Amino acid sequence: MYRYSAVVGSGLIEQSGKRVRQFLPRKTCAIISDTNVAPLFADQIKESLASACFEPTLITIPAGEKSKTLEQAGAICDHMIAAGLDRQSFVIGLGGGLIGDISGFVAAIYHRGIPHVQIPTTLLAMVDSSIGGKTGVDTAHGKNLIGAFHHPSLVIDDIDVLKTLPRREFNQGFAEIIKHAIIADAKMFGTLQRWEAADAAALQRLIRRNIEIKAKIVARDERDQTGERALLNFGHTVGHGIERAGDFKQFLHGEALSLGIVAACAISTNKTALSADQRDAIVDLFEKFELPINLPKN
């Protein structure tokens, strides 16, 4: 079983060089980010890495799901080759889930695999996609159809970066949190029902708990072969279809997941023992975090 550290706290962006140095005694690295995130945090990360005697190369790709392609991954690899990065280098993914997926995929294939560090900048990425080692890119036929299992060497969750998120972007992270509560933690479900304000201490505890839940499930089925890890796909079958139907523009991932879980609960109420009261409690919780529960008429 692969083990790695996930650090959660405040002020970690400024400490990123020192933190990475503890795990990776290397010199050169690529920071892969996008046009939304790089202007906010890339300079701080580069400065921190340089102070820890790293030599970083920043590679910025266009923001949005349309960048998560095999072609874009190839372009990133070409940029890394041109910058002189080799098998002794490593990759840092600085951004949301999309950046984590494509930077991890690049790390998995570059020189047949080099280390990967995740610095998530969205709540959704902190509680879900940065944990578990799944990497990948999309094709015209669907999401994540090309990819690899490649666990990060380190995950750095600086909760201060969440202050920069628009409300809609922040709220979508609660879709994965609610999903974890439904499949694994009734107590956390109750906490979310009573949730009022995201103060730093409560948010830090919530992120840590979600990492624990996902890590425990992944540890039992690391390569998604026994069916145990399929629990984490709850709501994603319909959710991914909704994302694609909206051309990856109309719905954020968490919004599509909310709709997918509502659909799964409707099926479960009709076909299994899920009660109407339980279904309604789930739907109400999505509404509480301003996540969609009905498809638009179009």
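Structure first, text after, so check above.
> So what's going on with the overall build of the protein? Which residues, and what values?
The helix and strand inventory of the protein stands at 11 helices and eight strands. Relative to the globule expectation of 19 Å for 298 residues, the C-alpha radius of gyration of the protein, 19 Å, shows essentially globular dimensions. Here the C-alpha coordinates of the protein stretch approximately 60 × 40 × 35 Å along the principal axes. Counting across all 298 residues of the protein, residues that qualify as buried make up 53%. Within the protein, residue pairs in contact and separated by at least 24 positions form 77% of the contacts whose partners lie at least 6 positions apart. If you sum the accessible surface of the protein, you get close to 13,600 Å²; carbon and sulfur atoms cover 51% of it.

> Describe the packing of helix H10 (residues 253–271) against helix H11 (residues 276–288), with residues and values.
Look at H10 against H11: their axes get within 10 Å of each other, and the N-to-C directions meet at 175°. By the angle between their directions, the pair H10 and H11 is classed as roughly antiparallel. Taking contact as the criterion, the partners of Ser 258, Ile 261, Val 262, Cys 265 and Thr 269 in H10 are, on H11, Ala 276, Arg 279, Ile 282, Val 283 and Phe 286. Taken together, the residues that form the contact of H10 with H11 break down as seven nonpolar, two polar and one charged.

> Residues and numbers for the pairing of strand S5 (residues 116–120), please.
One face of the sheet, then the other: side chains in a regular strand alternate in exactly this way. Within S5, five of the five residues are buried, leaving the element largely enclosed by the surrounding structure. Going residue by residue along S5, you find His 116, Gln 118 and Pro 120 tucked away on one face and Val 117 and Ile 119 tucked away on the opposite face as well. Strand direction decides the pairing type here: S5 and strand S8 (residues 154–158), joined by two bridges, are parallel. The partner of Val 117 across the bridge, within S8, is Leu 154.

> I'd like a rundown of the pattern of salt bridges, residues and numbers included.
Overall, the coordinates contain 19 salt bridges when judged by the stated rule. Note that Glu 228 is salt-bridged to Arg 220, the shortest N-O span being 3.1 Å. Across the salt bridge formed by Lys 249 and Asp 247, the nearest N and O atoms sit 3.8 Å from each other. The exposed category is assigned to Lys 249, whose relative accessible area is 64%. Overall, Asp 247 belongs to the partly exposed group, its relative accessible area being 35%. A network of salt bridges, in which partner residues are shared, links Glu 65, Lys 68, Asp 101, Asp 138, Lys 143 and Glu 243.

> Residue-level account of H11, with values.
Between the first and last C-alpha of H11 there are 18 Å, a value that for 13 residues agrees with the 18 Å anticipated at 1.5 Å per step. Every buried residue belonging to H11 is among Ile 282, Val 283, Leu 285 and Phe 286, and all of these are buried. Seen along its axis, H11 keeps its buried residues to an arc of 155°; they face one direction. Looking at the buried side of H11, the elements it contacts are helix H6 (167–184), helix H7 (186–193) and H10. Immediately downstream of H11, the backbone of Glu 290 shows phi near 60°, a positive value.

> Tell me about the state of the cysteines, residues and numbers included.
Here a disulfide denotes one covalent bond, and it connects the sulfur atoms of two cysteines. Enumeration over the complete set of coordinates arrives at zero disulfides. For the unlinked cysteine Cys 77, the closest cysteine sulfur is that of Cys 29, found at 15 Å.

> Give me the sheet that holds strand S4 (residues 90–95): which residues, what numbers.
The strand order S1-S8-S5-S4-S2-S3 describes an open sheet built from six strands, whose pairing is parallel. Either end of the sheet is taken by a strand with one partner, and the two such strands are strand S1 (5–9) and strand S3 (55–61). The average angle at which neighbouring strand axes cross in this sheet is 15°, direction not considered. Pairing of S1 with S8 involves five bridges; the strand directions are parallel. Bridging across to S8, Val 8 finds its partner in Asp 157.

Parameters at a glance
- Residues numbered from 1 in each chain as written.
- Predicted model: local features only at pLDDT ≥ 70, side-chain atom pairs only at ≥ 80, totals over all residues.
- Heavy atoms only, no water.
- Helix = DSSP H or I, 4+ residues; strand = E, 2+ residues; numbered from the N terminus.
- Rg over C-alpha atoms; globule rule 2.2 N^0.38 Å.
- Buried < 20%, exposed > 50% of the residue type's maximum accessible area, 1.4 Å probe, protein only.
- Contact = heavy atoms within 4.5 Å.
- Areas by Shrake-Rupley, 256 points an atom, 1.4 Å probe, with all protein chains shown as cover.
- Axes fitted to C-alpha atoms, helices over the stretch in contact; angles between N-to-C directions.
- Parallel < 35°, antiparallel > 145°, perpendicular 65-115°, else oblique.
- Nonpolar A, V, L, I, M, F, W, Y, C, P; charged D, E, K, R; others polar.
- Pairing = 2+ DSSP bridges.
- Salt bridge = Lys/Arg side-chain N within 4 Å of Asp/Glu carboxyl O.
- Expected span 1.5 Å × (residues − 1).
- Arc of directions from axis to C-beta.
- Disulfide = S-S within 2.5 Å.

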